[in-house]
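# Descriptive analysis of the structure
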Amino acid sequence: MPKEIPSRFDPGEVERRWQSGWAEAGLFTAPSAPAGPRFAIVLPPPNVTGVLTLGHMLGDTVMDVLARRQRMKGAAVLWLPGLDHAGLATQVAVRRHLAKENVRLEDLPRERILEQIGRWKEAREATIRAQTVAAGFSVDWTRYRYTMDERSVRATREVFVRLFRDGLLYRGERIVNWDPRLRTAVSNLEVVHREEAAELLYLCYRWEDGSPGGLVVATVRPETIFGDVAVAVHPDDPRHAGAIGRKVRVPLVDRPVPVIADAAIDRDFGNGALKVTPAHDLLDHEIGRRHPELGAPPTILDEAGRLSGENVPEAYRGVDRAVARELVTTALEAAGAIVRREPYRHSVARSERSDDVIEPRLSTQWFVRLGALAPPAVEAVRTGAVRIHPDRWELTFFRWVESLEDWCISRQVVWGHAIPVHYCETCGEVIASVDPPDACPKCEGRRLRPDPDVLDTWFTSWLWPFVTLGWPERTPELARYYPTSVLVTGRDIMFFWVARMMMAGARFAGGPPFDHVYFTGMLRDETGRKMSKHLGNSPEPLDLIRRTGADALRFALLHPNPVDQDGPFTEATLEGGRNFLTKIWNLGRFLLGHLPDGAAAPGRAPDLDPGSALENRWILARWRATAESVDAALDGFEPTVAASLLYQFLWHDVADRYVEMAKDALRGDRGEIAQRDARAVLLFVLERTLRLLHPFVPHVTEELWHALPHEGEWLAVSPWPLPADAPADPEAVAAMEVLWDGIRTLRNLRAEADVPAAELPEARLLPTSPESERILLARSDLLTRLGRVSRVTWIAESSGAPEGAARSVTPHGEYFLVRPAASLGPAGGLAREREKLQTILDRTRARLADEGFRARAPAHVVAEAEEKARELSDRIRRIDGAPASAPSGGP
RNA sequence: GGGCCGGUCGUCUAGCGGUUAGGACGUCGCGCUUACAACGCGGAGAUCGGCGGUUCGAAUCCGCCCCGGCCCA
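Residues numbered from 1 in each chain as written. Chains lettered and ligands numbered in written order. Predicted model: local features only at pLDDT ≥ 70, side-chain atom pairs only at ≥ 80, totals over all residues. Heavy atoms only, no water.

### Considering helix α16 (residues 571–593)
With 23 residues, α16 extends 33 Å between its outermost C-alpha atoms, agreeing within 8% with the 33 Å of an ideal straight helix rising 1.5 Å per residue. By the burial criterion, the buried members of α16 are T573, L574, G577, F580, L581, I584, W585, L587, G588, L591 and L592. Of the surrounding secondary structure, the elements contacted by the buried residues of α16 are α14 (541–548), α15 (550–558), β25 (567–568), α18 (639–667), α19 (672–693) and α20 (698–707). (Helix = DSSP H or I, 4+ residues; strand = E, 2+ residues; numbered from the N terminus. Expected span 1.5 Å × (residues − 1). Buried < 20%, exposed > 50% of the residue type's maximum accessible area, 1.4 Å probe, protein only. Contact = heavy atoms within 4.5 Å.)

### Overview of the protein's contact with RNA strand B
In the neighbourhood of RNA strand B, 45 residues make up the surrounding shell, with R8, K583, W651, R856 and K868 lying closest. Within 4 Å of the protein, atoms of RNA strand B come from sugar and phosphate in 58% of cases. Elements that contribute at least two residues to the surface near RNA strand B include exactly α16, α18, α21 (730–752), α24 (828–849), α25 (851–856) and α26 (859–879). Per-class residue counts for the surface near RNA strand B are 16 nonpolar, 9 polar and 20 charged. (Near = heavy atom within 4 Å. Nonpolar A, V, L, I, M, F, W, Y, C, P; charged D, E, K, R; others polar.)

### Observations concerning the packing of α18 against α19
The N-to-C vectors of α18 and α19 enclose an angle of 165°; their axes lie 9 Å apart at closest approach. Taken as axis vectors, α18 and α19 run roughly antiparallel relative to one another. Handedness of the α18/α19 crossing: left-handed. Contacts between α18 and α19 involve L646, F649, L650, V654, Y658, V659, A662, A665, L666 and R667 from the first element and A674, Q675, A678, R679, V681, L682, V685, L686, T689, L692 and L693 from the second. (Axes fitted to C-alpha atoms, helices over the stretch in contact; angles between N-to-C directions. Parallel < 35°, antiparallel > 145°, perpendicular 65-115°, else oblique. Left-handed = near helix turned anticlockwise from the far one by under 90°.)

### Re unusual backbone geometry
Following Y482, the chain continues to P483 via a peptide bond in cis, the omega torsion being -5°. Inspection of the secondary structure puts P483 in the loop between α12 (476–481) and β22 (484–490). The backbone of A86 sits at a positive phi, close to 50°, despite the residue not being glycine. Residue position: A86 is located in the loop between β3 (82–83) and α3 (87–99). Of note in the backbone geometry, D729 takes a positive phi value of approximately 50° without being a glycine.

### Observations concerning the packing of helix α8 (residues 370–383) against helix α13 (residues 494–508)
Axis separation between α8 and α13 bottoms out at 8 Å; the angle between their running directions is 95°. Between α8 and α13, the crossing angle belongs to the class labelled roughly perpendicular. In contact with L370, L373, A374, P376, A377, A380 and V381 of α8, α13 contributes R500, M502, M503, A506 and R507. Of the residues contributing to the contact of α8 with α13, the split by class is 10 nonpolar, no polar and 2 charged.

### Digging into the side chain of S772
Within the secondary structure, S772 is located in helix α22 (residues 770–778). Discounting residues that sit within four places of it in the chain, S772 has contacts with V738, P767 and H812.

### Quick word on the sheet that holds strand β14 (residues 359–368)
Strand pairing in a sheet relies on backbone hydrogen bonds. The paired strands run either parallel or antiparallel. Read from one edge of the open sheet, 4 strands run β6-β5-β14-β16, paired in antiparallel fashion. Across the chains shown, the open sheet's two edge strands, defined by having one partner strand only, are β6 (184–186) and β16 (407–408). With 3 bridges joining them, strand β5 (residues 169–179) and β6 adopt antiparallel strand pairing. Across the sheet, residue N177 finds its bridge partner in β6, namely V186. (Pairing = 2+ DSSP bridges.)

### A short note on the pattern of salt bridges
For the coordinates displayed, the defined rule picks out 75 salt bridges. A salt bridge links R325 to E223; the nearest nitrogen and oxygen atoms lie 2.9 Å apart. You can see R325 sitting in helix α7 (residues 321–334) and its partner E223 sitting in the loop between β8 (214–219) and β9 (230–233), a full 102 residues away along the chain. We note a salt bridge from E660 to K663, for which the minimum N-O separation is 3.2 Å. With E660 and K663 both in helix α18 and 3 residues apart, this pair spans about one turn of that helix. Residue classification places E660 among the partly exposed residues on the basis of a relative accessible area of 26%. Look at K663 and you get partly exposed, because its relative accessible area is 24%. What you see here is one network of salt bridges that share partners, running through R181, R221, D281, D320, R321, D356 and E359. (Salt bridge = Lys/Arg side-chain N within 4 Å of Asp/Glu carboxyl O.)

### Digging into the confidence of the model for chain A
Summarising the model, chain A shows a mean pLDDT of 89, and 97% of its residues fall at 70 or more. For chain A, the element scoring lowest by mean pLDDT is α24, at 84; strand β1 (residues 38–42) scores highest, at 97. Per-residue pLDDT stays below 50 along residues 883–891; that stretch engages in 11 contacts with residues further than four places along the chain or on separate chains. This prediction of the complex comes with two scores: 0.92 for pTM and 0.95 for ipTM. (pLDDT = per-residue confidence, 0-100.)

### Things to note about the packing of aromatic side chains
The final tally for this structure, using the stated rule, is 27 aromatic pairs. Centre to centre, the rings of Y170 and F367 are 5.5 Å apart; their planes meet at 20°, and the pair counts as stacked. Separated by 197 residues along the polypeptide, Y170 in strand β5 and F367 in strand β14 bring together distant segments of the chain. The exposure classification of Y170 matches that of F367, with both residues buried. Judged by centre distance (4.7 Å) and plane angle (20°), the ring pair of W400 and F495 falls under stacked. Of this pair, W400 sits in helix α9 (residues 393–401) while F495 sits in helix α13, and the two are 95 residues apart along the sequence. Members of the aromatic cluster, connected to one another through ring pairs, are F160, F164, W366, W407, F459 and W462. Taking NZ or CZ as reference, R129 lies 4.6 Å from the ring centre of Y144, over its face. (Phe/Tyr/Trp six-rings, centres within 6.5 Å; stacked < 30°, edge-to-face > 60°. Lys NZ or Arg CZ within 6 Å of the ring centre and 35° of its normal.)

### Some points on the side chain of T277
Inspection of the secondary structure assignment puts T277 in the loop between β12 (273–276) and α6 (282–290). The buried category is assigned to T277, whose relative accessible area is 3%. Of note is the side chain of T277, whose polar atom sits 2.9 Å from the side chain of D228. Here the side chain of T277 touches K275 through a polar contact of 3.0 Å, side chain to side chain. (Polar contact = N/O pair within 3.5 Å; in protein donor to acceptor, adjacent residues only side chain to side chain.)

This is how it looks when you write it as structure tokens:
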């Protein structure tokens, strides 16, 4: 009795069963100190901000494919999962969540905030875990890490202290990107620029000495005039040459400020005069630094973006900058200070996290000198120590990494790693230490004040590849799994994360943290928009898994999808995945129905009868070619190509062709030897293909593999198949070309002649060559059965076919379909075919007639063209009914 | 303003110097042929964004232009 499996594939039950099976067997637990080949991936830890999106699923699927394949290849595989506390982003998410209950996060005491965030984290973490398990990702849960766990905290502090000690990290007063809503500094990368409408005001700064007129200054931020310390013009600007050195009065407050010259002024903007507000603009700040005589610049905005300070008139203090802008504009208008107003579009900096307008603000923060850390990272990519895939992203990497600004790492929020610094209240010493100090090492004073800020979340993330392996301890894991094999991620965090990890790795772990970086494409929805949490157009992965199973989702994420660019994911894509799973399942069922009792697991290659049928030899050769291509695609980081190759092979070569051709033999209609061969071949091909497919769709393949005769306990750790297990057999591939041409032609003629489905007309056939004749003759059974004709008879020449038969001429032969009952209409298809062939022939002949072509094209190209012309003209002659030329070739 | 990517059947894409330009989805026709209608068989459908150039030969290389997207300033 053949083994039975359910006629319908129930992914939910099957997938859960294998997930717990693999887990209980501990298949994904990496050995600490393996000998031999090893393969390591550190999973980019998802943020607790949310749960896994489809984009995560895509990246994780790619990682799983790579990891599972390596496991089958016998490598010690470590795939390390984790979770990122995502400091500011999480605080913002929780803040938004609280706002729905009318609670302002800022109003809560620190402990309550941490408690709220802690609860939030627990919930997301549980969901992310559930998602990862349900998708069948083969991560090593025993090595799960969190960016805020004890070891991460210590490692982060360690890095801070070392960088501080080495002078690569400093505290200083700089213009930073200030987010007034979140009341914190953010890094350059967390700022997004957008074109927005504004109004450009031309303000007249009157001369201090009361002489008529003044300097006209253009600005979109009139509320900042209270922070003005000067008006600057270009030193070579003839319009303003006489103004330099004079003084003007700031409108509304009449405070006198000097007119200075600075080469940074854009003469074409406005009237070529710029109001200088060093505390609230980066360019102005630099100008201010070049003109120390201007003194310390006044700050006129507080941390919430409200006007404040002595320089601001009472009436505007405490007023938000946006409101203040309108009030000031009105007042300026009333004072007659506005010369002109015009609509203006300009680029506005907004906070990626809060979307509030970023205010450049002078403040004291901690910075990392990235420029000093970058060279080894650049070098690694340049020398190929780190390879980026697709490689065109190297350009983008270089461009960014070669023009680095210092990285502002301090944040004025609650959620994050505390900055490991204390200040001595006695002597002012700055103490950076991993463990909090008891006393000042300099003056032994005991009054120490901790730094109130926390670290940018990326200051932990950039250490991830080695911190997760135990750094700064010298663990066996660090020794064996660092550098990791590949980093798979989205290119949106190339600067935030990938580049910085390379810098940190080189500095602290002795080299770059991975050999390869693979950037996945990004998913788009049916309207072409990028999927994002923000747009809400990303389906919940667990919903999709519930509907179609994880395997279907995983496969759909890779097929059909662009090789290395963004691709769409729609309802139809998912359906495609599900359909493929059904196909695999049914192929498995079919095979099980044809296995003899006690069949053995397929060996290295099926033991075939020497004269075994063409289809057997052909499908083995096709399997080998597929296995080779799949290997090449995966080695080249083209998982979507590998998925498509397997899809094509299993569905169209195995299911549509081989199984249909071998059905007679499998049933036993062609004798015992043929049956034994076909069974052995089908079992071999399917078993080996299940192995190739396992990394992509692990559950269904594990399920079917267990139902088949097999060796070993788990497909998940069975050997990855070797292409050489099957012969290449180019002869069989060429012969199948001839045979399939015949089958296709007969099917074609039937459809063209409108033959009713039940009717089996007779076919006549005139092969082009003895070789074709031999092949077709040997398998006339297949021509008959798959071509759906009653019988095939061989004729010696075209005239041997009856009047009115439907006719087709192919490179391998002439085919006639004879209908006993009805007569066939004129073969319109043949005429069209003739016309098409004639066009190609004309084109080819024109090429051959061209002296330049004959003289310069490589000999084989000319020979091919000649061969093509011969074949085409021969075929056309045969269509025209001229006596067939000698079967061996043309004139 | 700078940079990158893309523009190929209705749609999504493969091809990246010599191909009868390949596939998937959709569409049309015929079929419930005992693994699978979540399927099979067959058909129609693209002069490869535009203009120039290089070349014996260009969807493929170069230049300019137009359109869409992304990144940086």
